[in-house]
Amino acid sequence: MSFTAELRKTADPIYKAIFSHPFVQGIGKGSLPADSLIHYVKQDFEYLNTFMQIYGIAISRCENREDIAMFAEQIGFILHSETHPHHNFCKVAGVRYEDLQYEPLAPTAHHYTRHMLDVAHRGSLAEILAVLLPCPWTYQAIGDYLYETFQPKANHPFFDWISFYRSNGEMGVTKQFCKRLDDLAAHATEQEKERMQDHFLKSCQLEYSFWEMAYVKEKWPVAY
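Residues numbered from 1 in each chain as written. Predicted model: local features only at pLDDT ≥ 70, side-chain atom pairs only at ≥ 80, totals over all residues. Heavy atoms only, no water.

A. Broad picture of the state of the cysteines. The tally for this structure, following the rule as stated, stands at zero disulfides. Cys62 takes part in no disulfide bond, and the closest cysteine sulfur, belonging to Cys178, lies 17 Å away. Looking at Cys62, the relative accessible area reads 14%, which means it is buried. The cysteine Cys90 is free of any disulfide, with Cys135 supplying the nearest cysteine sulfur at 17 Å. A relative accessible area of 3% means that Cys90 is categorised as buried. (Disulfide = S-S within 2.5 Å. Buried < 20%, exposed > 50% of the residue type's maximum accessible area, 1.4 Å probe, protein only.)

Structure below.
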């Protein structure tokens, strides 16, 4: 079993919890409160800004052009393609995407982004890949789960969102990241692999928490 396959097996209870979360189930059923969709888009816009910054840090650790190209391509993907599922949520919620940008991070989103930034600034390239991988991997798994479970047609409110993230959709980075991480893990020490697993599992947990944050419209406990 490859290193990333072992990671996926260990994280399976978290993946199953994500599939069962009411926000994810709401996507499949085509029914979610507008304010939860709005809160999700506001927070994910900022989260993805940080994700691109971490790609930039990863580029600074690369030793070959192939790795540089991989991360640079993903920056472009977020900027020009991953806006599409946001637009789907905005259309259903009846709001303009441009009105939901540059909002303060909620506690969970703040925690998640700082978790990734901490690994990016202190870890190896392999550790950076491990902390980033749960984002595309869980979304691809969600897309596949929702498509297979609910079999949405073109008139489904979230058909575009589900189609975007499923395995044969537009986001194909998961396989690429897994292959590169397996290559790096083959030359990593046991201590580094333990850190990689810890980073990966924490990110999976925070993926679940991100859905919960959006569903309950999480805010900081004391307004200021």
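On we go from here.
B. Inspection of the pattern of salt bridges at higher detail. This model, assessed by the stated rule, comprises eleven salt bridges. The salt bridge partner of Lys16 is Asp12, with a shortest N-O separation of 3.2 Å. Residue Lys16 and its partner Asp12 are located together in helix α2 (residues 12-20), separated by four residues, close to a single helical turn. What makes Asp12 partly exposed here is its relative accessible area of 23%. Arg96 is paired through a salt bridge with Glu98; the nearest N and O atoms lie 3.9 Å apart. (Salt bridge = Lys/Arg side-chain N within 4 Å of Asp/Glu carboxyl O. Helix = DSSP H or I, 4+ residues; strand = E, 2+ residues; numbered from the N terminus.)

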